Structures are given as C-alpha cells and as structure tokens.
Amino acid sequence: MATIHDVAARAGVSPATVSRFLRGQRVRSAEAIQAAVDEMDYWPSAAAQSLQSGRTHTIGVVVPDITNPYFAAVVKGMESVTRHTDYRIQLANTDESSEREDAVLAEMVRRVDGIILAPATEQDQTPMYVRDAGVPLVFVDRDLLGGEHFDAVLVNNAKGGRQAGEHLLSLGHTRIAAISGSQDTTPGRCRREGFVQSLTAAGVEIPPEHDLVGDFREESGYQLALSLLSLPEPPTAIFSANNLMTLGALKALHDLRTDIPGEMSLIGFDDLDTGSLLRPPLTVIDRPMVEQGALAMRLLLRRFEDQYANDAARRITLDTKLIERASTAPPRKLRTAAGAVRTGRGRQR
C-alpha cells in the first residue's frame, strides 16, 4: 500500500505538505497532491470525498440499550437502507442515561453528517443543540416533549397499551396488573396511559399495588413480577411494557412455578424472535421494528438533499397489532365455571 511518503514523492512535495492537504488546509501544489492521492489510492474513497465535500459519510445512531432485541431490529432496518449508499453507521449506546447521551452527542456531532436518536428521556435538551449546530437529527421510537420540529418515526404506543388491556378484559380478567417502563420516556408513559384508559373505560380499577413502574430492563421485570406474586391477592393477568421486562416477568413466574396461563396470563409489548418458541408461546403487542429503522434512515438521508433540507418536520406513526398466543386465557374461575376440572397447581384436564 502507498504511504504518505510515496504520495509526497509523486507530487514533488514534502510529507508534511501532504498531511496539511489531507487535513483540508491550503497548500501549494494541491492539484498535484490530489492527483497523486487518486492515482495511488492512498486515502479511502469516503475520506477523500469528505475532504472535497465537507461530508464524513457517517451517520450516528444513538440508542438507550444496545442489548434490547428491539433496537437490534431497528438498526437492521437502517442498515438495509445504507448498504445501498456510501454512508456507514456509527452506533453508540447510552445505557438509558441522559448524561451519557449528552457526552455521546457532544462527541458525535463533530464527526457525523446526521444522527438518529432514541432519547433517554423526553426532557432531553441536547438534541436542540445538535439541531442548532446544523446537524440533521431524526428521532426513532422515542420523542421529546416539544419535539414536533424534529423528524420522527414513532409507534402508536397508547393504542398498543389499549389493545393489551382490551385483550385481557375480553378474556374476563378484572384483577389486572401492569409493569411499565420509565414514565419520562415516550413508550413508558404512553403505553401505561393507553392500558389504564382501556381498564377505566370498562369500569375496572387498577389499584396502586398492581400499577408498577420499572426501567425497561429484564431484572426490573423480574423483580416487579415477584412483587405482584407476593401480594395476598395477586392479579390474574399482567401487561408487561417491553420485551426485556416480559422475559424477566416470565422468569419470575417460572421460578415460582406459576402456571401460565392457568394461574397468570401474561401479555407483553414487542414480539421476540423466540416468542412463538417460548413455553408457553407469548401473546404480544407487535410493531414493524425493521420498517421503523428503515423509515428513520430514509428521513435522515432525505435531509441531506438540498431541496428537502428546510422542509417542515415529517412525523410518522406506525400501528401496532395483537398477536394472540398461549400465554393468555380466561381466568381460572371462568374456566372452572365452564366445566373444566382442575388437577394439581393450575393445570386442567
């Protein structure tokens, strides 16, 4: 491979002059240096283009939890778009921390052409500074309070929460619990609100001990489910606000040998690749995760085109759907009243 010394010799200048040229500084014999760079393929094509255009051809993607299968699917959708372009993705994880997010964005804003962000909280202010710095920014999954001036690809979280509540109500459940994610995030707040609204509309009260809030992590789902199961009169059904919390709740139910759905119905938000393979297969509220990522990337790339750079913000809200599997069923008392004969702990024959 050619070195900076080879390029300097070809152009008839010193290596220091070539170095200054590559950093974008004005130097003598610039045309000869560029010709040598091109002929010897010394600099990667994307970087060479960035010297001429001011673009890095890099897109920053900032997510709150890189271990969450949902965000893996979203990034897969983004990559399905960028693979046909000369843009590459730089992925960063904030670990659900607004402080970490601030640090990531402060560093990233100098190195990328645009950013796709799932904010740690709805109160974040750093995205405003990113916009003021002239870097296009698109929200995915989560929004800001007052974020209507940003492009965004969201999901109808409130509707998904209502669908979960209505499904459990339709089965005859009245002692229903919710384990929700952080209430200063769009998904956590809206899913809980939609769920509670469905119960209220049906005249079903959700007592405080059944309305628990966690942090979207598996351990949180596990601990909150244990709390519900330890109550003198546990609920007969649980709505879990995201996939990781659902896995935690499922583990707690299995650890306490609680029959699903014999003693407890469980419905989660977001499907898992293994959702149909779990025992029992999980009933979930699903959404088009890969499509969500692809749409966010297309919105961002559109901002790079001069004719769309100053357009009004585009806000896309995707729908949710119920996938009914075997983890939800009518509560036991309704099944026994219908003639089922119980034997053992929560089992039927």
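Just so we're clear, the structure is a prediction, and the values are computed from it rather than from any experiment. (Residues numbered from 1 in each chain as written. Predicted model: local features only at pLDDT ≥ 70, side-chain atom pairs only at ≥ 80, totals over all residues. Heavy atoms only, no water.)

Caption draft 1: Summary view of the side chain of T283. Its location among the elements puts T283 in strand β10 (residues 283-286). Only 3.0 Å separates the side chain of T283 from the side chain of T328, close enough to count as a polar contact. When residues no more than four places from it in sequence are discounted, the contact partners of T283 are H167, L266, I267, G268, L322, I323, E324, R325, A326, S327 and T328. (Helix = DSSP H or I, 4+ residues; strand = E, 2+ residues; numbered from the N terminus. Polar contact = N/O pair within 3.5 Å; in protein donor to acceptor, adjacent residues only side chain to side chain. Contact = heavy atoms within 4.5 Å.)

Caption draft 2: Here's a closer look at the packing of helix α1 (residues 4-11) against helix α2 (residues 15-22). Where α1 meets α2, the axes come as close as 8 Å, and the angle between the chain directions of the two elements is 100 degrees. In terms of axis orientation, α1 runs roughly perpendicular to α2. The segment α1 lies against α2, with I4, H5, V7 and A8 engaging P15, V18 and S19. Class assignment of the residues belonging to the contact of α1 with α2 gives a composition of 5 nonpolar, 2 polar and no charged. (Axes fitted to C-alpha atoms, helices over the stretch in contact; angles between N-to-C directions. Parallel < 35°, antiparallel > 145°, perpendicular 65-115°, else oblique. Nonpolar A, V, L, I, M, F, W, Y, C, P; charged D, E, K, R; others polar.)

Caption draft 3: Just the sheet that holds strand β8 (residues 237-240), in detail. Reading across from one edge, β7-β6-β8-β9-β10-β12 is the order of the 6 strands in this open sheet, with mixed pairing throughout. Strand pairing shows two members of the sheet lacking a second neighbour, β7 (211-213) and β12 (321-323), which therefore form its edges. Taking the axes of each pair of neighbouring strands and ignoring which way they run, one obtains an average angle of 15 degrees across the sheet. Pairing between strand β6 (residues 176-180) and β7: 3 bridges, direction parallel. The partner of A178 across the bridge, within β7, is D211. (Pairing = 2+ DSSP bridges.)

Caption draft 4: Spatial organisation of the packing of α2 against helix α3 (residues 30-40). At their nearest, the axes of α2 and α3 sit 11 Å apart, and the two run at 85 degrees to each other. By the criterion of interaxial angle, the relationship of α2 to α3 is roughly perpendicular. Together, T17, V18, F21 and L22 of α2 and A30, I33, Q34 and V37 of α3 make up the contact between the two elements. Of the residues that constitute the contact of α2 with α3, the class distribution is 6 nonpolar, 2 polar and no charged.

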